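# Inside the fold
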Amino acid sequence: MNPLAEQCLRYLDGDLSEHETREFTQLIAESPEAAKTLARYLIDEHYFAKIQPTKTSGRIEAADGSALGLAISRIERQDETDDVLRELLRLEREAAVVPYSNEHLPAKQQSSQENQERLTWSQVAGATGYLLASATKSRSAKSLAAIAAVVLLAATLLVISLISNGNDTPTAVTHGPDNNSDTAPPQRTVATLTAQHKALWQAASGVSMPTVGENLLPGQRLALAEGLAEITTARGVKVTLEAPCEIEFSEDENALRLVGGQLYAVVPSQATGFAVQTPTAHIVDLGTEFGVEVGADMATRLQVYTGEVRAAPIDDEGVVGDWVSYYSAQAVSINPDTGVQEIAFDPGRHEHDITTVEMRPKPEKGEMWWRGDVSKHKQTGREKSGAIQVFLERTGVVLDEETPVDLNWPGRWLPGDGKQPASVQAGERVDVYLVHFDPAGSNGFDQKGEFSIRFKGRILGVICDSQSLAQAPDSLRSQTRYPELDKCKSGPGLDWELGDQVRIHRNKGALEMKLAAASCYDQMLVLVESKEIPEAINAP
Amino acid sequence: MPPDCDPSSDKMSQLALLWGQAKPAVSAYVRSTVRNHHDAEDVIQSTVSQIAQRFDDYDPSRPFVAWALGFARYKVMEYRNKSYRKPLLLGDDALEALSGAIEEESRGVDERYHALEHCIDRLGDRHQVVLTQRYRHDKTREQIADQLDVKVNTVSVMLRRIRQALAECVGERLGGAAR
């Protein structure tokens, strides 16, 4: 490494000795080149905090796939212990643990499924070899414990395998509400209903109608007929259900069965290995956020938002197919008729935040419609006094020509990165809202917030780019006068450099956004389907 | 959208615009001496507050960055006098030289920002994560080392190499020697 660069960076890291610091100080004072080099590194540091790498997904690659032809030497090996533990979890799931009632399958399928879900000799031998090899590659003390765990697990799996291969009677354990066991099901809590939004629970035989805060038990079935509900499992997995949806809890607190409908799961590290079983697939999380949907045709649609998920199809005979890993922004359809197919990732497909803003009584035009304290939502930054405001600007505007917008459903707006031209059709009647995010009075410090705002009508489009806002038709523009409008150098639109993002949820009534504001606020116009009488017709 | 009628709003808009341009330089200068992230943020905030109070005195014919760095110098000195945490790092002569260098380098910060952004995107995922953890999430080298289960020194070396590589990449993109 360049000695001057090395000195500058060691100084910034606080790694210079007293003597070296004195020498370095003298160098900076006397050498303009040294001062410039240090200045550049300091300016870079300022920007490192601003730049969000576009491809960082939170998953650290085992191998360095750097495209930068630089002399960055190989970094020490990725934590192999983690690999081993993850593999253990995967094997646990893929092997014998099928804790659900399989009463929904024909008898032939039940038997077949149970047999298939036991490990074969070759699977055990292969897995054991892989685990031991992985564990012994790692040199840390943690790995020794992992090796011991691997050996123990391998022995257990061998015993299970021996028993199952030597006995024609299926031995896989099944649990569930209809299990004919004499033993009463354990009454321990496996999850809690933590929130709901306009939820209507189906009253039917065998299903519960829970209330918020209610503890949920193994074998309990829930059927959500309308709205949204959030369930938090005993291990901290947040599962958002979107109606219509039916789930069933199992004995395993880290698993559930999705009978129909869709859910979105955010899995914390302590719950890695969280499993979802659908009629046509097994899904195992390896530290991630993902959405699962079971359609009327029983096909499973899996979408991975972050991290890694493994999934295997279950065919008509109940035979479990190959396990495949899926990563961020991947989506797959697992269909008993057509097999496993990669499909387009749809970022707005799953509802995953039910912290929403209810519609307030409709104000007069130009009045504030809603004001929210950012601190009630997720926020980072130094000050907690910020707010997002929503103003109703126009009502019943009929568009007499196709109107360009920056975003319509579906999609996530990422300027300069795949932004697609979008528009709202002529003839649509819209109400126009202005979203104004200025959490700290634009004091120059980054303020960030995540919000979900639910409008009563369908969202037809969002204008959120500074240029688009400036060029928006007069009939859509703000009627409200806002302070300090001219302080934004590049306009009040969203700033992708600060990581602003916005998307319209699939039901088109909710707008989700992640906003950051520093020396300039963020604004956007939201065009919502209007039920008002038209107030004006656009001038050509 | 119509501008506000408040007569002071023009002045404030001008300040906001100028501060947006000067912030990287002020931040760089403050961080040259105040290495604790939160302390640095406090000093920067205190600097901008002082700038806002004295903005009426600003002569638009002078470079704003240099004017703003004057306040930063004062605030850094104030911090050093109050701080019990660390002995003085750079001496006054060095800080003076650095201030001049930062002012000069800040003239091309927009280009540097975009070049840096491009170069960071070309890093491998692993390096991006380490960089992000350190500077965006303000994790210590010890925390990153713990996360990766490697030695702290490995993280230090990794970060230095990443930064040196980025500096070279930026230099190439900006068409100069390794910057």
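Residues numbered from 1 in each chain as written. Chains lettered and ligands numbered in written order. Predicted model: local features only at pLDDT ≥ 70, side-chain atom pairs only at ≥ 80, totals over all residues. Heavy atoms only, no water.

## With respect to the overall build of chain A
The criterion, for reference: Under the DSSP-based scheme used, a helix requires at least four consecutive residues in state H or I and a strand at least two consecutive residues in state E, with every element numbered from the N terminus. With a 1.4 Å probe rolled over the protein chains alone, any residue whose accessible area is under 20% of its type maximum counts as buried; one over 50% counts as exposed, and the rest are partly exposed. Two residues form a contact once any of their heavy atoms are found within 4.5 Å. Here the Shrake-Rupley method, with its probe set to 1.4 Å, supplies the accessible areas, and only the displayed protein chains count as covering residues.
In terms of helices and strands, chain A carries eight helices and 23 strands. Per-residue burial for chain A yields a buried fraction of 51% across its 540 residues. Contacts in chain A between residues far apart in sequence, at least 24 positions, make up 66% of those at least 6 positions apart. As displayed, chain A has an accessible area near 23,300 Å², and 51% of this comes from carbon and sulfur atoms.

## Comments concerning the overall build of chain B
For chain B, the helix and strand inventory stands at eight helices and zero strands. Secondary structure elements of chain B occur, N-terminal to C-terminal, as α-α-α-α-α-α-α-α. For chain B, the proportion of its 179 residues judged to be buried stands at 53%. Looking at chain B alone, contacts between residues at least 24 apart form 61% of all its contacts between residues at least 6 apart.

## Considering the packing of helix 3 (residues 32-48) of chain A against helix 4 (residues 92-105) of chain B
Rule in force here: Under this scheme, a helix contributes an axis fitted over its contacting stretch, all axes are lines through C-alpha atoms, and angles between N-to-C directions fall in the 0 to 180 degree range. Put simply, angles under 35 degrees are roughly parallel, angles over 145 are roughly antiparallel, angles from 65 to 115 are roughly perpendicular, and the rest are oblique. Rotating anticlockwise by less than a right angle from the far helix to the near helix defines a left-handed crossing, while the corresponding clockwise rotation defines a right-handed one.
Direction vectors running N to C along helix 3 of chain A and helix 4 of chain B enclose 60°, while the axes themselves pass 8 Å from each other. Classified by the angle between their axes, helix 3 of chain A and helix 4 of chain B sit oblique to one another. In this structure, helix 3 of chain A crosses over helix 4 of chain B, and the sense of that crossing is right-handed. Along the contact surface, helix 3 of chain A presents Ala35(A), Lys36(A), Leu38(A), Ala39(A), Arg40(A), Leu42(A) and Ile43(A), while helix 4 of chain B presents Ala97(B), Leu98(B), Ala101(B), Ile102(B), Glu104(B) and Glu105(B).

## With respect to the packing of helix 2 (residues 37-53) of chain B against helix 3 (residues 64-82) of chain B
All names here are of chain B. Cut-off, in case you're wondering: Note on residue classes: Ala, Val, Leu, Ile, Met, Phe, Trp, Tyr, Cys and Pro are nonpolar, Asp, Glu, Lys and Arg are charged, and everything else, Gly too, is polar.
Look at helix 2 against helix 3: their axes get within 9 Å of each other, and the N-to-C directions meet at 130°. Taken as axis vectors, helix 2 and helix 3 run oblique relative to one another. As helix 2 runs across helix 3, the sense of the crossing is right-handed. Of helix 3, the residues touching helix 2 (which contributes Asp-39, Val-43, Ser-46, Thr-47, Gln-50 and Ile-51) are Phe-64, Trp-67, Ala-68, Phe-71, Ala-72, Lys-75, Val-76 and Tyr-79. Residues that form the contact of helix 2 with helix 3 fall into these classes: nine nonpolar, three polar and two charged.

## Here's the deal with the pairing of strand 10 (residues 330-335) of chain A
Residues and elements named next belong to chain A. How we decide: For two strands to count as paired, DSSP must find a minimum of two bridges between them.
Summarising burial for strand 10: five of the six residues are buried, a large majority. The sheet contact formed by strand 8 (residues 300-313) and strand 10 spans five bridges and is antiparallel. Counterpart to Gln-303 in the pairing with strand 10 is Ala-331. Here strand 10 runs beside strand 11 (residues 339-343); their pairing, made up of five bridges, is antiparallel. Each residue of the ladder has a partner; that of Ala-331, found in strand 11, is Ile-343. What sits between strand 10 and strand 11 in their antiparallel hairpin is a turn of three residues.

## Focus on the state of the cysteines
Residue and element names in this part refer to chain B. Keep this limit in mind: To count as a disulfide, a pair of cysteine sulfur atoms needs to be within 2.5 Å.
Under the criterion given, the structure shown has one disulfide over all chains. Through a disulfide, Cys-119 is tied to Cys-169; the S-S separation comes to 2.0 Å. Since a negative S-S torsion denotes a left-handed disulfide, the Cys-119-Cys-169 link at about -85° is left-handed. One end of the pair, Cys-119, is in helix 5 (residues 109-122); the other, Cys-169, is in helix 8 (residues 152-173), and 50 residues separate them in sequence.

## Some points on the side chain of Thr403(A)
All names here are of chain A. The line we're drawing: Whenever two N or O atoms come within 3.5 Å, that pair is a polar contact, provided that in protein one can donate a hydrogen and the other can accept it, and provided that, for residues adjacent in sequence, both atoms are side-chain atoms.
Structurally, Thr-403 can be placed in strand 15 (residues 403-405). In this structure the side chain of Thr-403 is engaged in a polar contact, spanning 3.1 Å, whose partner is the backbone oxygen of Glu-401. Apart from residues no more than four positions distant in its own chain, Thr-403 is found in contact with Ala-422, Ser-423, Val-424, Pro-473 and Leu-476.

## As for a negative patch on the surface
The test is simple: Patch rule: a residue counts if its relative accessible area is over 30% and it has no salt bridge; like charges are joined within 9 Å, and nonpolar side chains (Val, Leu, Ile, Met, Phe, Trp, Tyr) within 5 Å. Whenever a carboxyl oxygen of Asp or Glu lies within 4 Å of a side-chain nitrogen of Lys or Arg, that contact is scored as a salt bridge. Residues scored as charged are limited to Lys and Arg (positive) and Asp and Glu (negative), so that His and the chain ends carry no count. Charged side chains are reduced to one point each, which is NZ for Lys, CZ for Arg, CG for Asp and CD for Glu.
Side chains of Asp297(A), Asp315(A), Asp316(A) and Asp337(A) sit close together on the surface and give a patch of like negative charge. Within the fold, Asp297(A) resides in the loop between strand 7 (281-294) and strand 8.

## Describing helix 4 of chain B
Here is the rule we go by: Expected span of a helix: the number of residues minus one, times 1.5 Å.
The end-to-end C-alpha separation of helix 4 of chain B is 20 Å, in line with the 20 Å expected for 14 residues at 1.5 Å each. Those residues of helix 4 of chain B lying buried are Ala94(B), Leu95(B), Leu98(B), Ser99(B), Ala101(B), Ile102(B) and Glu105(B).

## A closer look at the pairing of strand 8 of chain A
All names here are of chain A. Extensive coverage of strand 8 is indicated by the burial of 12 of its 14 residues. Here strand 7 folds back onto strand 8 in antiparallel fashion, the turn holding five residues, of which Met-298 has a positive phi close to 75°. Here strand 8 pairs with strand 9 (residues 324-327) via four bridges, running antiparallel. Each residue of the ladder has a partner; that of Val-309, found in strand 9, is Tyr-326.

## Observations regarding the confidence of the model for chain A
Residues and elements named next belong to chain A. Heads up, the rule is: pLDDT measures how confident the predictor is about each residue, on a scale from 0 to 100.
Averaged over chain A, the pLDDT score is 66; the fraction of residues at 70 or greater is 56%. In the model of chain A, strand 23 (residues 536-537) stands out as the element of lowest mean pLDDT, 31, in contrast to strand 6 (residues 275-278), which has the highest, 94. Scored below 50 in pLDDT, residues 355-366 shows 35 contacts in the model against residues more than four places distant or in partner chains. Contacts from residues 533-540, a stretch scored under 50 in pLDDT, to residues over four places away or in other chains number 21 contacts.

## Here's the deal with the nonpolar core
Short version of the rule: Each nonpolar core is a collection of buried residues, namely Ala, Val, Leu, Ile, Met, Phe, Trp, Tyr and Cys, held together in the definition by side-chain atoms within 4.5 Å.
Counting residues in each nonpolar core, the largest one holds 73 residues, and the members touching the most others are Leu38(A), Val30(B), Phe64(B), Ile102(B) and Leu166(B). Contacts of Ile102(B), omitting those with residues within four sequence positions, involve Ala39(A), Leu42(A), Ile43(A), Ala25(B), Ala28(B), Tyr29(B) and Leu69(B). Ranked by size, the runner-up nonpolar core spans 35 residues in total, among them Trp201(A), Ile283(A), Val292(A) and Val294(A).

## Thoughts on helix 2 (residues 18-30) of chain A
Counted at 1.5 Å a residue, the expected span for helix 2 of chain A with its 13 residues is 18 Å, and the 19 Å between its end C-alpha atoms agrees. Check the buried side of helix 2 of chain A and you find it contacts helix 1 (3-12) and helix 3 of chain A together with helix 4 of chain B.

## So, the side chain of Thr278(A)
All names here are of chain A. With respect to the secondary-structure elements, Thr-278 resides in strand 6. A polar atom in the side chain of Thr-278 sits 2.6 Å from the side chain of Thr-300. Contacts of Thr-278, omitting those with residues within four sequence positions, involve Leu-258, Ile-283, Val-292, Val-294, Thr-300 and Ile-314.

## Regarding the packing of aromatic side chains
Counted only if it meets this: Side-chain rings of Phe, Tyr and Trp (the six-membered ring for Trp) are treated as a pair once their centres are within 6.5 Å; stacked means planes under 30 degrees apart, edge-to-face means over 60, and tilted covers the remaining angles.
Tallied over the full model, the rule gives 12 aromatic pairs over all chains. For the pair Tyr47(A) and Tyr113(B), a centre-to-centre distance of 4.7 Å together with 70° between the ring planes defines the contact as edge-to-face. Placement of Tyr47(A) in helix 3 and of Tyr113(B) in helix 5 is noted, with the two residues assigned to different chains. Overall, the relative accessible area of 7% leaves Tyr47(A) in the buried class. Note on Tyr113(B): relative accessible area 7%, which makes it buried.

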